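If you want the building blocks of each chain, they are given just below.
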Amino acid sequence: MYLNDEPPISCGREIWGFPKKYAQPKLRVETDTLTGILDYGGQIVAVGTMQYKHTELSKEATIKSLTSTSCNLKIIPGADFKPSVIRLVAYNIQLLNLHFAYEGPARLSLSSHVNAPTADLPVRKVIGGKHIKGDLILPYGRVMYDYIKEDAKKNFFMPSGKIPLEDKDLLDAVMNCPSMPTMSPSYPGKPVTFTNREYLIFHYRTNSDIIRKVLPEKVIPNPKDEVIFTWLTTEGGSGIGQFSRCTLKIPCTFEGKHYLFSVLSVINNAAGLTTGREIYGMPLKFGFPEMKVKADTFSAKLLYSDQEVAVGSVAYKHYRMDTKEAEDILLTPDLNLKIIPDVAGSAEIAQLVVSEYSDIKIRSAYRGPARLGLVPHVNAPFADFPVVEMLSGTHFFVDRMTLNAGRVVHDF
């Protein structure tokens, strides 16, 4: 399933288990033809055409079809990459208003793509096409079957009942799938090695009230009201690819140990977003961070819904830092609040998860004067943490680093 908007991708995956990925589907009418096009990563992977409003469908039959039971295979890994949730989830769409429903002659062309393998289900014969427009409600669903329960090891659920499975290959394929969708997992579920990674880090003081407001129970804020705002770009992340990201973190302690609590993060890569949210509980949203060097300035900005919400600048390579000091900063573990709802909307997973890096190879590190500007935005509220005093700006270039499996330090 492919969508061009990240919020319904995340909620669809995390609540109902929809096997959604980020792409660019388009639907348009061209004279007498309804045309659908699916673009994944700049490649056309599916083109469908149908005669426009050829034959009107029965309203009753259309409503029955739309509101019949559908199901998804919901897979959410734990912080250790092992399966945490594997369930068949059922749901029934509610139809508020049917605008129209038509059927007609249709054709479908599919092209091979490793991350959008629509062509793995080749077209043998097109039975027909349907064009339906309506106002719908997607209510919460229900669990049909839980694979992780003990009886899943003995029997395999089929619509006709529980059938003993002598050959466990099919069950093993479900139990060992790292992520949704099963025919093309969004991420591999293993440590991620990053290469040629560049950091621009702003360290500043803000208001104490907002810090205390966002920290979970038992997490203690730093006494100086310090926060860290980071831009980073990665040339390559194994299983994820290229991306840029912005993150706001709060230095804190939990049970006597020092962490950086992740408040909000914005990334421009859907695979990285689902990996971070579903495994580590990173508070990721989809946006467009940018970094570049212009003359004597290292500058960065963040666009969210086409609005500029953060602008940062650091004097380019003013003072060289000891790479050991930079490594110590990057070795500080992140602390994330992982929340995954169940199919009824309540919190199924509510944990404090630690994520940390190893095998860090730093090429260079610099410190210099810095400025950071934040613009209020309701869905990217970084400006809720205003800059009271800028402490430092740093620039690191990392040849290699590895993000390991996370670990749960508290289960709410």
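You'll find the structure just up there.
Description of the structure in this document.

**Focus on the side chain of Ser 10**
Along the chain, the position of Ser 10 falls in helix H1 (residues 6-16). Not counting residues within four places of it along the chain, the set of residues in contact with Ser 10 comprises Leu 273 and Arg 277.

**Focus: the packing of H1 against helix H5 (residues 270-280)**
The axes of two packed helices give the description: the angle between them and the distance between them. Contact geometry for H1 and H5: axes closest at 11 Å, N-to-C directions at 40 degrees. In terms of orientation, H1 and H5 fall into the oblique class. Taken as a pair, H1 and H5 cross one another with a handedness that is right-handed. Contact residues: H1 offers Glu 6, Ser 10, Arg 13 and Glu 14, while H5 offers Ala 270, Leu 273, Thr 274, Arg 277 and Glu 278.

**So, the packing of aromatic side chains**
By the definition in use, this model includes 16 aromatic pairs. Pairing Tyr 145 with Tyr 147 gives two aromatic rings, centres 5.1 Å apart and planes at 90 degrees, and the pair type is edge-to-face. Looking at Tyr 147, the relative accessible area reads 5%, which means it is buried. What links up through ring pairs into an aromatic cluster is the set Trp 16, Phe 18, Tyr 91 and Tyr 140. When the ring centre of Phe 18 is taken as origin, the NZ or CZ atom of Lys 20, which lies over that ring, is 4.9 Å away.

Calculation notes
Residues numbered from 1 in each chain as written. Predicted model: local features only at pLDDT ≥ 70, side-chain atom pairs only at ≥ 80, totals over all residues. Heavy atoms only, no water. Helix = DSSP H or I, 4+ residues; strand = E, 2+ residues; numbered from the N terminus. Contact = heavy atoms within 4.5 Å. Axes fitted to C-alpha atoms, helices over the stretch in contact; angles between N-to-C directions. Parallel < 35°, antiparallel > 145°, perpendicular 65-115°, else oblique. Left-handed = near helix turned anticlockwise from the far one by under 90°. Phe/Tyr/Trp six-rings, centres within 6.5 Å; stacked < 30°, edge-to-face > 60°. Buried < 20%, exposed > 50% of the residue type's maximum accessible area, 1.4 Å probe, protein only. Lys NZ or Arg CZ within 6 Å of the ring centre and 35° of its normal.

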